[in-house]
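Listed below, chain by chain, are the residues.
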Amino acid sequence: MSGLAADLATILSSGIRLTAPLAFAACGEYLAERAGTLNVSVEAMMLGAAFGSIAVAGLTGSATAGLLAGVLLGALVGLVHGALSHRWHVNTFVVGLVLNALVLGLTSYLVTVGELGRHQVAQVSVPVLRDLPVLGAPLFVERWPVYLLLALVPLTWWLVERSRWGLELRAAGENPEAADMTGIRVNLRRRQALLWCGALAGLGGAYLAVGEVGSFNQNMTAGRGYLVMAAVIFGGWRLGRTLAGCAVFGLADALRLALPALGYTVNSQLLVSAPYLLALLAMLLFTTRERRPGALGQPFRRTS
Amino acid sequence: VSNDETASPAPSAAPGGSTGTVLPGEPDVNGDGRVVIGVLSPGDINDNGYYESFVVKAEAFAQAQGWTVIKRGSVPVSEALTAARALCRQSADMVAIGASELKDAIPASEEAVCAKTAWYVPSSANVPQTPKIMLSSDDPKQSMLVAGYAAGLLMQSRNTTKAGFVTGPEADFTKIASTAFLAGIRELIPGATLVTTYTGDFDDSGKAREATQAQLSQGVGTIYPYLGGATDVATALANSARAITLTPGTDRCASTSPAFDVSVLFDPGDYFAAALELYAAGKLEMGITKTWQLGVDPYPTVKLCKGTPEQNARLAAFIADIGRGRIDPAAEVQKLGS
Amino acid sequence: MAPEPALRLRGITKRYGAVVACDRVDLTVERGEIHGLLGENGAGKSTLMRILLGLETRDSGTVERDGRAVTVAGPRAAAALGIGMVHQHLSLVDPLTVWENVVLGDSGPVRRAAARAGVRAVAERYGLTIDPDARVGTLSAGERQRVELLKCLRRDPAVLIMDEPTSVLTRAESAELFTVLRRVVAAEHRAVVLISHKLTEITTATDRVTVMRAGRVVLRRATAATTPAELAREMVGREVTLGAAVGVLPATMAPVASSASAPAASADALRLDGLTVRPGLDGLRLTVRPGEIVGLYGAEGSGQKTLGDVLSGLVVPDAGTVEVAGVPVDLRRPGALLAAGLGIVPEDRHRTGVVLDLSVAENLVMTRLGDVSGRVFVDRPALRRRARALADEYGITAASLDAPLRSLSGGNQQRVVLARELSGRPRVLVAAHPARGLDVGAVEDLYARLRRCADDGIAVLVISTELAEILTLTTRLAVIFRGRIVGELPTAQAGSARLGLLIGGAA
Amino acid sequence: MTRTGPWVSAAIVAAAVLLSGLLIAVTGGSPAAALRALVQGSLGDATAVSQTLLYAAPLLLVAAGTCCSARSGAFNIGQEGQVLVGALAGAAAGLRLAVPGPVLPLVVLAAAALAAGTWAWLSALMHRFRGVDIAVSTLLMTFLAQQAVAFAVTTPWLLQESRLGAAAALPQSNKLPPGALLGSLGDHPGLQLNLGLGVALVVTLLVAVALGRTRWGFRLTMAGLNPAAARHAGIPVTAVGGIALAVSGALAGMAGAVLLSSPLGTNRLQPDISINIGWDGLLVALIARNRPLLTIPVAGLFAVLRAGGSFLAATGVPPYLVDVVKALLTLAFVAPAVLRRQPVVA
Ligand SMILES: Nc1ncnc2c1ncn2[C@@H]1O[C@H](COP(=O)(O)OP(=O)(O)OP(=O)(O)O)[C@@H](O)[C@H]1O
Ligand SMILES: Nc1ncnc2c1ncn2[C@@H]1O[C@H](COP(=O)(O)OP(=O)(O)OP(=O)(O)O)[C@@H](O)[C@H]1O
Ligand SMILES: [Mg+2]
Ligand SMILES: [Mg+2]
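Residues numbered from 1 in each chain as written. Chains lettered and ligands numbered in written order. Predicted model: local features only at pLDDT ≥ 70, side-chain atom pairs only at ≥ 80, totals over all residues. Heavy atoms only, no water.

Chain C goes by Simple sugar transport system ATP-binding protein in an unreviewed UniProt entry, where it is assigned to Catenuloplanes nepalensis.

Following this line, the structure appears as structure tokens:
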């Protein structure tokens, strides 16, 4: 009956909106991890970008310009992270955690300085297709940046699996010493991977702000960066499964937020923990099939 | 067996005002020639809402008096005490606490470092009286009951019976607020239902938005965004579905984007401003509790932004009934089995 | 005018703190020659080559390619200059496929089909068959070496540097390699620099040799004009008993008999029975008596590595027992073998033998910590005394015993392992490829020590792919094939024909 | 590099200080006054010093524990969660157990250590049996711990505060009775020293001795540096790593109990009782390069930043900016330590 279809459509479109920021960022985090960086600062990338996108949208009057600014700001965080951890060899966890604190503090402060206002990118609504039952509205009535995923996911996959750059990234993530012997600039590749990660995580954060919510408030990413890390783990360092993880987390949240309206109550703490529990379970069940980069989280420095 | 100190609560100090003391030298209690008001808030003091209003009113009043205001927002609950001590050491003449979440700062009022400091503490929850502090309390059940009643008035006129309540963490006070809100609606529409969604975070706009969306999709005609930083996002969405909206604490009838139909005013800033006026006059007493009565005092209260005269009258009458004690909010809520 | 040499190094100097790894080294390599580079452990060979590849910066000196002075910024720049290297420690990335490894370090887009075809073509040209789509992690040592060589040759280098390429290869694999190298210089007119400790290889495979000692070049000569004895003497700086040095003896020569030719008829010191690890070992049975040196011989990949892991306590067998001095050992307990009196010089010492980041002293005592500590505390002075004694006894040269083991040259690291394992006065000593990476002098010393062990009544098991080593050292030999012993015989009766059959698994 | 090292360090610290000052100046504050406040609030007088020391104690415990796990090769990054679990168990013990007087604080401490140690040990088990990466699982479990505490303090039959009459209970537990708390270290006018600091110092020294001087420490270090060689040498590597991880968790848990007792806080279990001590303690250990004795000055530095920062916020510098300044200074102190070591490979 139509009631059920409508409920499904509601949950699905909500799920897509909750998944999209994670998916963008997960593509980036996936690539950074394949290159060997267990990147904690993805939260900072998303949050900085969310702020930057709204601020620039306000300054220029264009939400699209805001989106772009978000991408750049995310990349900037990636640049700083890369410089510190893969140029000056500061422990990458330290850098990540400190950057998270720094960006949280800075954006929380800046948001108090002036009125940021509301800015949102346009909604796309595809004629005919949007009228499909159940899937119509969720898939074909969305803010347009969502559709960037259709290009960026294959692009990320192609970059990692098919391009020369990706081959060198993977070598840097699996066996940096061997890669170095072969003449690959391991730390440069890792920095570049962090730039890409920053740009995509930035897009995710910016999408959250100028795409979905239309405004910025303090700490609005609320730990989504950590969720993205969990998704990559859940996916066993495979892009397809990582994105599936994002979708599971997004849909679980959508379901959680919709269930009360549908007349069910669930323990909220359990549901908030669900993604982390799922990621742990996935690791417990599928460890043998995962593709964890051999040098994940290990700094590279040339020794004889 | 239990070690709970507070398991059986001691009766709080005498109500009324007879045991209070006025600190010498008010308002410059510490006698350093200037008046410093220190404000601690557990929330974001730029949230356009509850926490911000507390600070804004204080600041406006203090500036008019030529006083200095030190304000500190987003104080973690577990750092309340430290933060309060720091204020005292910054020679604050008064330490004001934005909300009862920070009640654990109160022990500092007994310490030497805060000896020459007045204390203002709003207490909607669980704060015992001490001789060193002035408590300012209201009963959230009152305002939430009336908020429900006001929503009920508008729902009647629109013929809807489903309301939604979107809030952050699932905690005692959010549960009580939601129940009292429903009780208020039921005063008018006995068959009304309320959907309560806990997003887990007052400030996660993404989730607040989705929760609101889910409720709207289920045909909810009223949305109460009982939120912090995420209030505006949820309200804007509710506006787009033409749902009835209410404010969490402040008067925002003038706001157009987003727009509110009901202003529920339990603005801690209003209570605080009143206390500051007494303080300026050197009449603010420590050791007493001021309880703000709906229907008796100007605050708390509930206001329809675009109410018809008839609706306004019915709301006023309900408020007056509470003020006169003809309606006991606690009992009304009890009916729902809180 | 004579053509410029393919490569000319002049006055290359490199210091690491107080150590002068290369001291004004001159080296000339002509096109169309295989140039042997020899030197004892720590002589500076690898360092010199790393400088040539741009992996290390020189302190002074010049590098000329075809007569032009060049600067080498890194491996890629080296490749562009036509210099390629096959590394001592392989530079392959395990999870990648063969073809991905081969194209790693190229530039331009990755063309999968073309790359695969390219790998096949090069492989065919040199007769190095390999599946381009295989994951490198699944390959044997010999196959990995092939991939490494392919990777290098595909870039069409004018100068090919090989740093101890044969140390992990079987004789057959080495022979195959030299065939390829011969072709590379003769038909394609490339230059090859071959670093090796095996003197027979150097004398048979190279055209000219350069010998280094303590960072300096001490000898430069046409190979034909020198003898193994001279090379050994120049390397070490003293006379070496050639009979003891592996690779010097032709394999057919009679072994130098061990002094304890008739071991006491006492019980077996080591008894392996039905050892099974899937995959790797298949019901292996072997016994060694006290005072006996037994050789376990077989091609790489026949199960020696797994046996080494079992005897190091790293792998618990699926079935079978290990008895030391008649007492079965509970292999699930870490250190049980050690406690039972089994010492081992493992095959891959970096992985299982030493802790590179601990000090030399700590590495010397780490298996016998109880001797230098009370119930709770480690007695640092005692530890230092003991380490000093061992270092002196085994001639370990280190700047300081507190320096990390990492800073020692390969040969000295090997000595540390041997010293430590023998310091426990074991009943059984297992030595896997003990001479691998050691210079002639060190090998001589090592063999003398192993013989002395046997004389002292220790049961010694030597695992090796070097027939010469087995023939030189052992009194009895067992041949391993596909994880089981396919034949055992006194070394004196080991004719090469019979052995060849056994190794192939035919007997 | 070695010669330019100190200059680079100085330059970086100077840059961070300058940047912080600039930020403060831009927001209308006085950088000089802020710096004074930072010092005043952390070292200015006895009260300030006691604040600093109170922060240092839990930081030190977390960092000392981290040294153990990191040295054993088990990279624990879930200290924040372990602190929370410790506080949760400590609060439950303090509020629910009927133990005679002077023993109770010890029981609270032990319960916290036991619970958090077990919690961390779960990660070791997952690693042992399913090969789950320890860094990853400890991180994920932090989020579970946060939700567990949130659940406990909002559930009436667990640890939610008792209601005073009709008023709402906040998401927190009741105050622990004074008898359950680690007491004060003597009575010095103005100087509040909690026993927690004593515990932390003793534990740190014990860890230093254990790691540097005992067989246990030697074996643990070996297992961390080369598991295969350690196994050969008779060390049960997984067990040693598991124990180190459990010890690390237990010490983080003790930090939770110390926070529960600390005059800094409210002596209640609250969802944010850990106030990032777990994360900061991890940073302390990383900066001290897992050397227990070095964690003492580093934890001191972090504590100074915290206490000073809290005081700075009270001077009207926006609190978020204080966080920014703290982050910048942390980076400044981290970077040079590493810059000094080796030439960099591009
Ligand atoms: N964005 C994409 N565009 C096109 N195909 C994709 C994309 N993402 C994933 N795929 C396909 O889905 C498959 C799953 O991808 P994933 O990265 O998870 O592992 P995989 O490639 O299957 O790994 P393997 O083949 O090594 O087992 C890929 O093989 C790829 O063909
Ligand atoms: N990075 C380094 N730091 C300090 N000393 C080094 C470093 N690399 C090499 N050395 C030292 O330089 C000397 C030459 O080392 P090198 O590796 O070149 O020797 P080698 O001739 O290749 O020996 P082997 O036959 O054992 O491989 C040795 O004494 C070694 O300890
Ligand atoms: Mg004053
Ligand atoms: Mg070498």
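This brings us to the overall build of chain C. A count of helical and extended segments in chain C gives 17 helices and 20 strands. Taking 507 residues into account, the globule formula puts the C-alpha radius of gyration at 23 Å, and chain C, at 23 Å, falls close to it. Taken along its principal axes, the extent of the C-alpha atoms in chain C is 70 × 55 × 45 Å. Split into buried and exposed, the 507 residues of chain C put 57% on the buried side. Pairs at least 24 apart in sequence give 68% of the contacts found in chain C among residues at least 6 apart. Put simply, chain C shows about 19500 Å² of open surface, and 51% of that area lies on carbon and sulfur atoms. Both charge centroids of chain C, one from 64 positive and one from 56 negative side chains, sit 2 Å from each other. (Helix = DSSP H or I, 4+ residues; strand = E, 2+ residues; numbered from the N terminus. Rg over C-alpha atoms; globule rule 2.2 N^0.38 Å. Buried < 20%, exposed > 50% of the residue type's maximum accessible area, 1.4 Å probe, protein only. Contact = heavy atoms within 4.5 Å. Areas by Shrake-Rupley, 256 points an atom, 1.4 Å probe, with all protein chains shown as cover. Lys, Arg positive; Asp, Glu negative; His and termini not counted. Charge placed at Lys NZ, Arg CZ, Asp CG, Glu CD.)

All right, on to the packing of aromatic side chains then. Within this structure, the stated rule accounts for 22 aromatic pairs over all chains. Look at tyrosine 271 of chain B and tryptophan 292 of chain B: their rings are 4.9 Å apart centre to centre, the planes differ by 20°, and that puts the pair in the stacked class. On the criterion of sequence distance, the pair formed by tyrosine 271 of chain B in helix H7 (residues 268-280) and tryptophan 292 of chain B in strand E13 (residues 289-292) is long-range, its members being 21 residues apart. Residue tyrosine 271 of chain B shares its accessibility class with tryptophan 292 of chain B, and that shared class is buried. Taken together, the ring pairs connect Phe165, Phe181, Tyr224, Tyr226 and Phe266 of chain B into an aromatic cluster. In this structure, lysine 290 of chain B is placed above the aromatic ring of tryptophan 292 of chain B, and the distance from its NZ or CZ to the ring centre is 4.7 Å. A cation over a ring is seen here: arginine 128 of chain D above phenylalanine 129 of chain D, with NZ or CZ 4.7 Å from the ring centre. (Phe/Tyr/Trp six-rings, centres within 6.5 Å; stacked < 30°, edge-to-face > 60°. Lys NZ or Arg CZ within 6 Å of the ring centre and 35° of its normal.)

Further remarks concern the site of ligand 2. Neighbouring ligand 2 are 17 residues, the closest being Gly42, Lys45, Ser46, Thr47 and His197 of chain C. Ligand 2 sits at the junction of chains A and C, each of which supplies nearby residues. Lysine 45 of chain C is positioned with one of its side-chain polar atoms (N or O) 2.9 Å from an oxygen atom of ligand 2. Threonine 47 of chain C has a polar side-chain atom sitting 2.6 Å from an oxygen atom of ligand 2. Secondary structure elements with two or more residues in the shell around ligand 2: strand E2 (19-29) and helix H1 (45-52) of chain C. Take the shell around ligand 2: its biggest share by element is 3 residues, from H1 of chain C. Among the residues forming the shell around ligand 2, the class breakdown is 4 nonpolar, 10 polar and 3 charged. (Near = heavy atom within 4 Å. Polar contact = N/O pair within 3.5 Å; in protein donor to acceptor, adjacent residues only side chain to side chain. Nonpolar A, V, L, I, M, F, W, Y, C, P; charged D, E, K, R; others polar.)

Take the interface of chain D and chain C next. Of the residues lining the interface, 19 residues belong to chain D; the matching set on chain C comes to 31 residues. Both sides of the chain D and chain C interface together cover about 2000 Å² of buried area, and 65% of this is carbon and sulfur. It is Arg215, Phe218 and His232 of chain D in chain D that bury the most area against chain C; as a group they hold 38% of the surface buried on that side. Seen at the junction of chain D and chain C, the total is 0 salt bridges. Between chain D and chain C we count 8 residue pairs in polar contact (both at pLDDT 80 or more) in total. No other element matches helix H8 (residues 215-225) of chain D, which puts 6 residues into the side of chain D that touches chain C. Of the residues in the side of chain D that touches chain C, the class split is 9 nonpolar, 6 polar and 4 charged. (Buried area = accessible area lost by both parts, 1.4 Å probe. Salt bridge = Lys/Arg side-chain N within 4 Å of Asp/Glu carboxyl O.)

The next subject is helix H13 (residues 380-393) of chain C. All names here are of chain C. Helix length check: H13, at 14 residues, gives a terminal C-alpha distance of 20 Å against a target of 20 Å (1.5 Å per residue), a fit within 8%. Among all positions of H13, only Ala382, Leu383, Ala387, Leu390 and Ala391 are buried. Along the axis of H13, the buried positions cluster into a sector of 165°, meaning they face one direction only. Among the exposed residues of H13, those oriented more than 90 degrees off its buried face are Arg385 and Asp392. Residues of H13 that are buried make contact with helix H12 (360-365) and helix H14 (410-423). Two residues or fewer past H13, glycine 395 is found with a positive phi of approximately 60°. (Expected span 1.5 Å × (residues − 1). Arc of directions from axis to C-beta.)

We now examine helix H2 (residues 31-44) of chain D. All names here are of chain D. Considered for burial, the residues of H2 that qualify are Ala34, Ala37, Leu38, Gly41 and Ser42. Seen from one end, H2 has its buried residues packed into an arc of 105°, which puts them on one side. Of the residues in H2, the exposed ones pointing more than 90 degrees away from the buried face are Arg36 and Leu43.

The pair of protein chains exhibiting the most contacts, out of 5 pairs of chains in contact, is chains B and D. Nowhere do chain B and chain C come into contact; their C-alpha atoms are at least 40 Å apart.

Counting residues at the interface gives 40 residues for chain B and 50 residues for chain D. Carbon and sulfur atoms make up 48% of the surface buried where chain B meets chain D, a total of about 3800 Å² over both sides. Counting across the chain B and chain D interface gives 4 salt bridges. The closest approach of N and O atoms between lysine 175 of chain D and aspartate 104 of chain B, which form a salt bridge, is 3.7 Å. There are 4 residue pairs in polar contact (both at pLDDT 80 or more) connecting chain B and chain D. Per-element accounting of the side of chain B that touches chain D gives the leading share, 6 residues, to helix H2 (residues 80-89) of chain B. Looking at the side of chain B that touches chain D, its residues break down into 15 nonpolar, 11 polar and 14 charged.

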